[in-house]
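Now for the letters of each chain:
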Amino acid sequence: MFCAHINQTTLKEQSVKEHLYNVSIMCMEYGAKVSLSAIGELIGILHDMGKQTNKFNKYIRYSSMNPDDKSLRGSVNHSTAGAKFIYDNFYNTTDLYQKLTAQLISLAICSHHGGLIDCLDLKGIDIFTDKMETDKEIFYEEALLNFKAECLEMEHINELFNKSKKEIRNILIEINKVDGSAKFGQFAAGMLLKYLFSCVIDADRYDTYIFMEDKEPQQNISKSTLWNELAEVLETKLKSYPKLSKIDLLREEISLACKNFGKNSPGIYQLAVPTGGGKTLSSLRYALEHAKEFNKDRVFYIIPFTTIIDQNAKEIKDILDHNDIILEHHSNLVVDNEREDYKLLTERWDSPMIFTTMVQFLDTLFSGGTQNVRRMHNLANSIIIFDEIQAIPIKCINMFNSAINFLANVCNTTIILCTATQPLLSTTKMPLKISENTNIISDMHEKFKQFKRVNLVDKRRIGGYSASALKDFVLDKMDQVKSVLVILNTKSAAKEVFYELNKANGDLPEEKQYSVFHLSTNMCPSHRVSILQDMREKLGYHRVVCISTQLIEAGVNISFGCVVRSLAGLDSIAQAAGRCNRHGEGPCSDVYVVNVEGENVSKLVDIREGQECTERVFDEFEENPKIFDNDLLSPKTMEKYYQYYFHNRSKEMNYTLSKPNNDKTMYDLLSENMEASNAYEGRNGHKSKLLLKQAFKTAGDKFQVIDQNTTGVIVPYGEGKTLITLINGACNLRELKQYLKRAQQFSVNLFELDKRRLEEMEGLIKLKAGAILALRDGFYREDVGVTFEEAPMEFCNY
């Protein structure tokens, strides 16, 4: 018997044959969701063919007996043999469907331990062919002989390959129907490869995990039963809501329209609802109805990176009372390193309902390595609700559009784009192919008029407001209302104004004093939920001031008497306005737009560009308000804003790479890879014969959703302290997986610069040999969250 894995606790051995069959069954199931069952099965059965050698057998047994000796890790190449087998037997042909099928299978197999390789790199070197025709010793003949004897005969392989070729041909027909251009065709073929790669990565890791933990595979639950049960719970809850005020009745209209729309066929739809229109529950009502009707596997809520996942998730958990089926995925807490055992713990997105960020979603589709792409196949046959779609980074728009077109048309995924400020995604160079009758709410313009609860007031002034002047502005408004929300563009500006207002509070007469709150992404989710809960209990009964970054602008059901918003994109200002007089508690309230002195947004390009377009719209509105329906927050005003914003930044939408490759785009690397193709021709005197030429590894390594990468760190707040101790102690993989799931609530995403600062101050602890990071005591405070000034825990005087 050739051994694939040895359980360190029980010393049981899993044969290569057993592992290959298990993985092939899972890959077949994952592939079947998009009519790719045969190619999934074939990739699964061949992926570890290279383990069928005496060399690997000796290596795995030595490693089991000497677990601390890592010197031989990676010394036996076992991921190339299966890929080379397909390449040798099927690739060299004039049949283009066969050639492409062979390249897809070979790429998925040979990349499954380090991430997708480049087909052509930026210098025009043919990495794929070099890998398939390698001179390095991979014990190919021995592996092939043993594989045929133990696992699968050539006749069955031929049969599976021919079925695979038909599957790929049919998929390509569907891709061509979406967009017949060569650019999209190549991009979609790359997405197809990533889907297959996702299937084998997840199946391989999951089978290894359940063997190493001596577990039984997770039993599939009846999704049909679950969706019916959840829909019934939701309907009962909605019936109990009051329907007394005008706003209550309007929300009910929107909610009912969403439920009825759920019976429409899968596609790409828009849910344009005014802020405060009950979008979260209305979209959930749609999702459950649609999931019932079309037997969907999962519901995803994708939320902007800067906002609060936990609020949406908590609201839905409280209503559905099914915490076990809802996953909140804020951060990747396991570093994608060489530790094979910890790689088994990376998040799979296998729960029925998942709340995650746009960063995690885009990383799943476009980042390199194997950690994130593992989740991709679970997007198929799902419903993906993008909350506040306007927050998508501008550089990712064309890649996002093409990926969504692929998911909707090839993977049977239903897409809902939610926002009060719909961006013009169907008008870009690589447009989103939205469905006919795309608007779930048909009388959108009328609904916006009916929902009007605020006036937008331009209070910009020459030179802007200092922190002290903004404090005075807020105190002046507090003489007129009982609560003010101040939203600033940077964490440093928010902290400075918070300190000013906190200090001023102590000097006021007792009857004028207020509870002052601070919210920041430097706080972990559990901390922010606690602050919001405390704030909600006080709003309406006490005087309240909250200073926040833009994280409060979406997904937070909270209402203030007045909002002050630092100048930003009009879409952000509209979201901020949704936190003012949210339930129509009073007459039309004011939302003030101010410019803040010293608020440095030079590196925050999206905010800076948004500010310029907002100022242009403000100036035009002042000259002729009628063309904007006399309302700075009307759909007409927002459409004009996006026309300017998208026009100004149209050249950025293909994701231009940073220097020295700033003449190249990420979209090109993931589609035709023209520069590399030209470089290849210059090197060799003829065009490359590769059908897939993409630079997958280069693109994946360079991809960043936001301009700085972030790292998830567990912080010593609340239960976070206990979890840090438990994770750092002796625990098995099963326990560690549970601890990491709980730790999502006690994690903060650190920018690289902040991470380095904390490392220099010895503020970070490496857990599990550096695979997981935690923050030391003294670097987390109750009032500001993560701090770069070591101090004991302090409690803000609310």
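**Side note on the environment of Leu226**
Stage number 1. Mapping Leu226 onto the fold places it in helix α10 (residues 223-240).
Stage number 2. On the accessibility criterion, Leu226 (7% relative accessible area) is buried.
Stage number 3. Separated by 442 residues in the primary sequence, Leu226 and Asp668 place their C-alpha atoms 42 Å from one another.
Stage number 4. Those residues in contact with Leu226 that sit more than four places away from it in its chain are Ile221, His322 and Pro352.

**Observations concerning the nonpolar core**
Stage number 1. Formed by 191 residues in total, the largest nonpolar core has its most connected members in Phe361, Phe366, Phe386, Phe400 and Met535.
Stage number 2. Ranked by the residues each element gives to this core, the list is headed by helix α9 (residues 182-212), at 17 residues.
Stage number 3. In contact with Phe386, other than residues within four places in its own chain, are Ile302, Met358, Phe361, Phe400, Ile404, Ile415, Ile416, Leu417 and Cys418.
Stage number 4. Membership of the second largest hydrophobic core comes to 39 residues, among which are Leu230, Leu238, Val273 and Ile309.

**A closer look at the sheet that holds strand β3 (residues 268-272)**
Stage number 1. With respect to topology, six strands assemble into an open sheet ordered β3-β8-β7-β4-β6-β5, the strand pairing being parallel. What marks the edges here is a single partner per strand, and that holds for β3 and β5 (326-329). Neighbour to neighbour, the strand axes of the sheet diverge by 15° on average, direction disregarded.
Stage number 2. Relative to strand β6 (residues 353-357), β5 runs parallel, the two sharing four bridges. Directly across from His329, in β6, lies its bridge partner Thr356.

**Observations regarding the pattern of salt bridges**
Stage number 1. Summed over all chains, the structure comprises 41 salt bridges.
Stage number 2. With a shortest N-O distance of 3.7 Å, Glu235 and Lys259 are connected by a salt bridge. Of this pair, Glu235 sits in helix α10 while Lys259 sits in helix α11 (residues 246-261), placing them 24 residues apart in sequence.
Stage number 3. The closest approach of N and O atoms between Lys279 and Glu388, which form a salt bridge, is 2.9 Å. You can see Lys279 sitting in helix α12 (residues 279-294) and its partner Glu388 sitting in the loop between β7 (382-387) and α16 (397-410), a full 109 residues away along the chain. With respect to burial, Lys279 and Glu388 carry one shared label: buried.
Stage number 4. Connected via shared salt-bridge partners are Asp202, Arg348, Asp350 and Arg374.

**A closer look at the sheet that holds strand β13 (residues 562-566)**
Strand pairing within a sheet occurs via backbone hydrogen bonds; the two strands may be parallel or antiparallel.
Stage number 1. Taken in spatial order, the six strands of this open sheet run β9-β14-β13-β10-β12-β11, and their pairing is parallel. Each of the sheet's edge strands pairs with one partner strand only, and the pair in question is β9 (454-458) and β11 (515-519). Within the sheet, the average angular offset between the axes of one strand and its neighbour, ignoring direction, is 15°.
Stage number 2. Of the strand pairs in this sheet, β11 and strand β12 (residues 544-548) are connected by five bridges, and their pairing is parallel. From the neighbouring strand, Ser515 faces β12, where its bridge partner is Val544.

**So, the side chain of Asp207**
Stage number 1. Counting through the fold element by element, Asp207 comes out in helix α9.
Stage number 2. In terms of polar contacts, Asp207 uses its side chain to reach the side chain of Gln14, at 2.9 Å.
Stage number 3. Side-chain polar atoms of Asp207 contact the side chain of His19, separated by 2.7 Å.
Stage number 4. Those residues in contact with Asp207 that lie beyond four places of it in its chain are Gln14, His19, Asn22, Val23 and Met26.

**Description of helix α3 (residues 54-65)**
Stage number 1. Here α3 contains 12 residues, and its C-alpha end-to-end distance of 17 Å stays within 8% of the 16 Å for a straight helix at 1.5 Å per residue.
Stage number 2. Every buried residue of α3 is listed here: Phe56, Asn57, Tyr59, Ile60 and Ser64. The arc enclosing the buried residues of α3, seen along the axis, measures out at 165°, which places them on a common side. In this structure, α3 carries Lys58 and Met65 as exposed residues pointing more than 90 degrees from its buried face.

**Points about unusual backbone geometry**
Stage number 1. Unusually for a residue other than glycine, Trp349 sits at a positive phi of about 60°.
Stage number 2. Here Trp349 is to be found in the loop between α14 (340-343) and β6.
Stage number 3. A residue is classified by how much of its surface remains accessible, and Trp349, at 0% relative accessible area, is buried.
Stage number 4. Phi at Glu762 is positive, roughly 55°, even though this residue is not glycine.
Stage number 5. Tracing the sequence through the fold places Glu762 in the loop between α29 (752-760) and β17 (764-767).
Stage number 6. The exposure class of Glu762 is exposed, given its relative accessible area of 58%.

**Thoughts on the packing of α9 against α16**
Stage number 1. Closest axis-to-axis distance for the α9/α16 pair is 10 Å, and the angle between their directions is 65°. On the basis of the axis angle, α9 is roughly perpendicular to α16. Handedness of the α9/α16 crossing: right-handed. On the side of α9, the interface is formed by Phe184, Phe187, Ala188, Met191 and Leu192, while α16 contributes Met399, Ser402, Ala403, Asn405 and Phe406.
Stage number 2. Of the residues assigned to the contact of α9 with α16, the class counts are eight nonpolar, two polar and no charged.

**Thoughts on the pairing of strand β15 (residues 710-714)**
Stage number 1. β15 sits mainly inside the fold: four of its five residues count as buried.
Stage number 2. Relative to strand β16 (residues 747-751), β15 is paired through five bridges, and the arrangement is antiparallel. Residue pairing in the sheet places Thr710 in a bridge with Phe751 of β16.

**Brief notes about the packing of α11 against α12**
Stage number 1. At a closest axis distance of 7 Å, the pairing of α11 and α12 adopts a crossing angle of 20°. In terms of axis orientation, α11 runs roughly parallel to α12. Considering how the two elements wind past one another, α11 and α12 form a crossing that is right-handed. Residue-level contacts link Arg251, Glu252, Ile254, Ser255, Leu256, Cys258, Lys259 and Phe261 of α11 to Ser282, Arg285, Tyr286 and Glu289 of α12.

**Comments concerning the packing of aromatic side chains**
Stage number 1. Tallied over the full model, the rule gives 25 aromatic pairs.
Stage number 2. Summarising the aromatic geometry, the rings of Tyr642 and Phe646 are spaced 5.7 Å apart at their centres and angled 70° between planes, so their arrangement reads as edge-to-face. Taken together, the residues Tyr642 and Phe646, both in helix α23 (residues 635-648) and four residues apart, mark about one turn of the helix.
Stage number 3. Grouped by ring-pair contacts, the aromatic residues Phe187, Phe366, Tyr655, Tyr667 and Phe703 constitute a single cluster.
Stage number 4. Note that Lys477 overlies the ring of Phe473, its terminal NZ or CZ placed 4.9 Å from the centroid.
Stage number 5. Directly above the aromatic system of Tyr644 lies the positively charged group of Arg616, at a separation of 3.6 Å from the ring centroid.

The rules we used
- Residues numbered from 1 in each chain as written.
- Predicted model: local features only at pLDDT ≥ 70, side-chain atom pairs only at ≥ 80, totals over all residues.
- Heavy atoms only, no water.
- Helix = DSSP H or I, 4+ residues; strand = E, 2+ residues; numbered from the N terminus.
- Buried < 20%, exposed > 50% of the residue type's maximum accessible area, 1.4 Å probe, protein only.
- Contact = heavy atoms within 4.5 Å.
- Core = buried A, V, L, I, M, F, W, Y, C linked by side-chain atoms within 4.5 Å.
- Pairing = 2+ DSSP bridges.
- Axes fitted to C-alpha atoms, helices over the stretch in contact; angles between N-to-C directions.
- Salt bridge = Lys/Arg side-chain N within 4 Å of Asp/Glu carboxyl O.
- Polar contact = N/O pair within 3.5 Å; in protein donor to acceptor, adjacent residues only side chain to side chain.
- Expected span 1.5 Å × (residues − 1).
- Arc of directions from axis to C-beta.
- Parallel < 35°, antiparallel > 145°, perpendicular 65-115°, else oblique.
- Left-handed = near helix turned anticlockwise from the far one by under 90°.
- Nonpolar A, V, L, I, M, F, W, Y, C, P; charged D, E, K, R; others polar.
- Phe/Tyr/Trp six-rings, centres within 6.5 Å; stacked < 30°, edge-to-face > 60°.
- Lys NZ or Arg CZ within 6 Å of the ring centre and 35° of its normal.

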